Amino acid sequence: MVNMADTRLIEHRFETRLRNKARELGFASVGIAPAADDPLRAERLHAWLDSGFHGAMGWMEDRADVRQGPQSMWPAAKSVIALGMSYAPEIDPLALEGDAEKARISVYAQGRDYHDVLKKALKGLARWLCEEMPETQLKVFVDTAPVMEKPLGEAAGLGWQGKHTNLVSREHGSWLFLGAIYTTIELTPDGDHADLCGSCRACQDACPTNAFPQPYQLDARRCISYLTIEHKGPIPEEFRSAIGNRIYGCDDCLAVCPWNKFADTAARHLAFVPRGELAAPELAQLLALDDVAFRAKFSGSPIKRIGRNRFVRNCLIAAGNSGNNALLDQVAELRSDPDPVVSEAADWALSRLSAAP
């Protein structure tokens, strides 16, 4: 006769070893959620898409039927192992605001490409799982698959999806990269994390472009991260001044979260220590990049994926906002750039600089 207490003890010991192995591989946070689809999560996803808040990210709409839940993607899945890797910054991400010579790169992109780092660690954990339980089947996901990592992280107890729509952790603040493993092993869920945002609206008030129609809802079309990374054409003029000197992403809503005071930089994975030249880059140097130099400079960085033209477009918006007349010659030269989006941004930046006192 099966002793349920003994079975549960064996499961508990396995789950403890699983957590220990995950931390050994560099994960700061580990949790378990059931793989069953959640109708409420699916409803929220479809409502967000129906509102058009995803902008030009058509890939989110194309696979919404799979993205809506783990078992919609893989009916055999029984459990989700949700994992978080810390990239908590040592320096205030807002420190360079308004600097006329420097550009601001989002904290997450100042170190190595998180896709590569997380994928390697997830594969290491997957190998361990297969060694421990050869009968298991599993799938590994990092950001690029149709998986809702943030709601799953909340369901697994890693934290809660804050009013800025990102995951907030009591131990790691808003600074977690997320990954997931779907498995056919039936593990004991950790339970949903409670929402601890309370009446705070710091992230809502900090957004330079008013990208939050209401708490817990993001209109990506107004978000600086979307505009500087995902958006391929000219940046709408209504947002250009608000972009300031941000050239890749935006940390404002994350950086002002009060829970960050508990984030320990000692938990940060070493791969995400900022590269010196990306922590406070000179705008003049970035404006001079051609395609070859861009690829060399951003090798191993997530920035590389947007390409030189989109990146220089962003730098020109920052130059136009800088009021720094020392950039005039470089900006004027880029008016003849073969890429029409770059040349248009150069025209705008030149007009702004020429009008500056």
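See above for the structure.
Residues numbered from 1 in each chain as written. Predicted model: local features only at pLDDT ≥ 70, side-chain atom pairs only at ≥ 80, totals over all residues. Heavy atoms only, no water.

What follows concerns the overall build of the chain. When its secondary structure is counted, the chain shows 17 helices and eight strands. The globule rule puts the C-alpha radius of gyration for 357 residues at 21 Å, and the 22 Å found for the chain is close to it. Taken along the three principal axes of its C-alpha coordinates, the chain extends 85 × 40 × 35 Å. For the chain, the proportion of its 357 residues judged to be buried stands at 52%. Relative to all contacts within the chain whose residues are 6 or more apart in sequence, the contacts with residues 24 or more apart total 75%. Accessible surface, the chain as shown: approximately 16300 Å² in total, 51% of it carbon and sulfur. On the chain, the mean spot of the 40 positive side-chain charges and the mean spot of the 47 negative ones are 2 Å from each other. (Helix = DSSP H or I, 4+ residues; strand = E, 2+ residues; numbered from the N terminus. Rg over C-alpha atoms; globule rule 2.2 N^0.38 Å. Buried < 20%, exposed > 50% of the residue type's maximum accessible area, 1.4 Å probe, protein only. Contact = heavy atoms within 4.5 Å. Areas by Shrake-Rupley, 256 points an atom, 1.4 Å probe, with all protein chains shown as cover. Lys, Arg positive; Asp, Glu negative; His and termini not counted. Charge placed at Lys NZ, Arg CZ, Asp CG, Glu CD.)

To continue, consider the pattern of salt bridges. Tallying each qualifying case throughout the model produces 17 salt bridges. When the shortest N-O distance is used, the salt bridge between Arg 41 and Asp 38 registers 3.7 Å. Residue classification places Arg 41 among the buried positions, given a relative accessible area of 14%. For Asp 38, a relative accessible area of 27% corresponds to the partly exposed category. One salt bridge in this structure joins Asp 219 and Arg 221, with 2.9 Å as the shortest N-O distance. Three or more residues are tied together by salt bridges with common partners; here these are Arg 104, Arg 246 and Asp 252. (Salt bridge = Lys/Arg side-chain N within 4 Å of Asp/Glu carboxyl O.)

Since the α-helix advances by 3.6 residues per turn, residues separated by three or four positions end up pointing in the same direction. Spanning twelve residues, helix α2 (residues 39–50) covers 16 Å between terminal C-alpha atoms, matching the ideal 16 Å at 1.5 Å per step. Those residues of α2 not exposed but buried are Arg 41, Ala 42, Leu 45, Trp 48 and Leu 49. What you see down the axis of α2 is that its buried residues fit within an arc of 130 degrees, all on one side. Exposed side of α2, more than 90 degrees from the buried face: Pro 39, Glu 43, Arg 44 and Asp 50 are the residues found there. Buried positions along α2 lie against α3 (58–62), α4 (64–67) and α7 (149–155). (Expected span 1.5 Å × (residues − 1). Arc of directions from axis to C-beta.)

Below, the discussion takes up the side chain of Arg 240. Inspection of the secondary structure puts Arg 240 in helix α10 (residues 237–243). At 3.0 Å, the side chain of Arg 240 and the side chain of Glu 344 are in polar contact. Dropping the residues within four chain positions of it, Arg 240 is found in contact with Pro 234, Ile 235, Ile 317, Asn 321, Glu 344 and Trp 348. (Polar contact = N/O pair within 3.5 Å; in protein donor to acceptor, adjacent residues only side chain to side chain.)

Attention shifts here to the sheet that holds strand β4 (residues 138–141). Within the open sheet, the four strands sit side by side as β1-β2-β7-β4. Their pairing is antiparallel. The sheet is open, and its two borders are formed by β1 (29–34) and β4, each paired with just one other strand. Averaged over neighbouring strand pairs, the angle between their axes works out to 20 degrees when direction is ignored. Lying on the sheet, helix α6 (residues 114–132) is in contact with β2 (79–86), β4 and β7 (176–183); it crosses β7 at an angle near 35 degrees. (Pairing = 2+ DSSP bridges. Axes fitted to C-alpha atoms, helices over the stretch in contact; angles between N-to-C directions.)

In terms of burial, β2 is largely enclosed, as eight of its eight residues are buried. Residues Ser 79, Ile 81, Leu 83 and Met 85 point to one face of β2 and Val 80, Ala 82, Gly 84 and Ser 86 to the other, with burial holding for every one of them. Relative to β2, β1 runs antiparallel, the two sharing six bridges. Bridged to Ile 32 within β2 is Ile 81. For β2 and β7, the ladder comprises eight bridges, and the chain directions are antiparallel.

You can see Lys 261 is positioned in the loop between α11 (252–255) and α12 (276–279). For Lys 261, a relative accessible area of 65% translates into the label exposed. In sequence terms Lys 261 and Ile 303 are 42 residues apart; their C-alpha atoms lie 28 Å from each other.

Turning our attention to the packing of helix α15 (residues 307–322) against helix α17 (residues 340–355). Two elements in contact, α15 and α17, have axes whose closest approach is 8 Å; the angle formed by their N-to-C orientations is 10 degrees. Taken together, α15 and α17 sit at an angle that is classed as roughly parallel. Contacts from Arg 308, Asn 309, Val 312, Arg 313, Leu 316, Ile 317, Ala 319, Gly 320, Asn 321 and Ser 322 of α15 reach α17 at Val 341, Val 342, Ala 345, Ala 346, Trp 348, Ala 349, Arg 352 and Leu 353. Looking at the contact of α15 with α17 residue by residue, the classes come out as eleven nonpolar, four polar and three charged. (Parallel < 35°, antiparallel > 145°, perpendicular 65-115°, else oblique. Nonpolar A, V, L, I, M, F, W, Y, C, P; charged D, E, K, R; others polar.)

Grouped together as the largest cluster of nonpolar side chains are 87 residues, with contacts concentrated most on Leu 83, Ile 247, Phe 272, Phe 311, Leu 316 and Val 331. Per-element accounting of this core gives the leading share, eight residues, to α6. Setting aside chain neighbours within four positions, we find Phe 272 in contact with Met 85, Ser 86, Tyr 87, Gly 111, Arg 112, Tyr 114, Val 117, Leu 118 and Phe 177. One finds Trp 74, Phe 141, Ala 156 and Leu 178 within the second-largest nonpolar core, a separate group that totals 18 residues. (Core = buried A, V, L, I, M, F, W, Y, C linked by side-chain atoms within 4.5 Å.)

Spatial relationships are all this shows, so hold off on functional conclusions.
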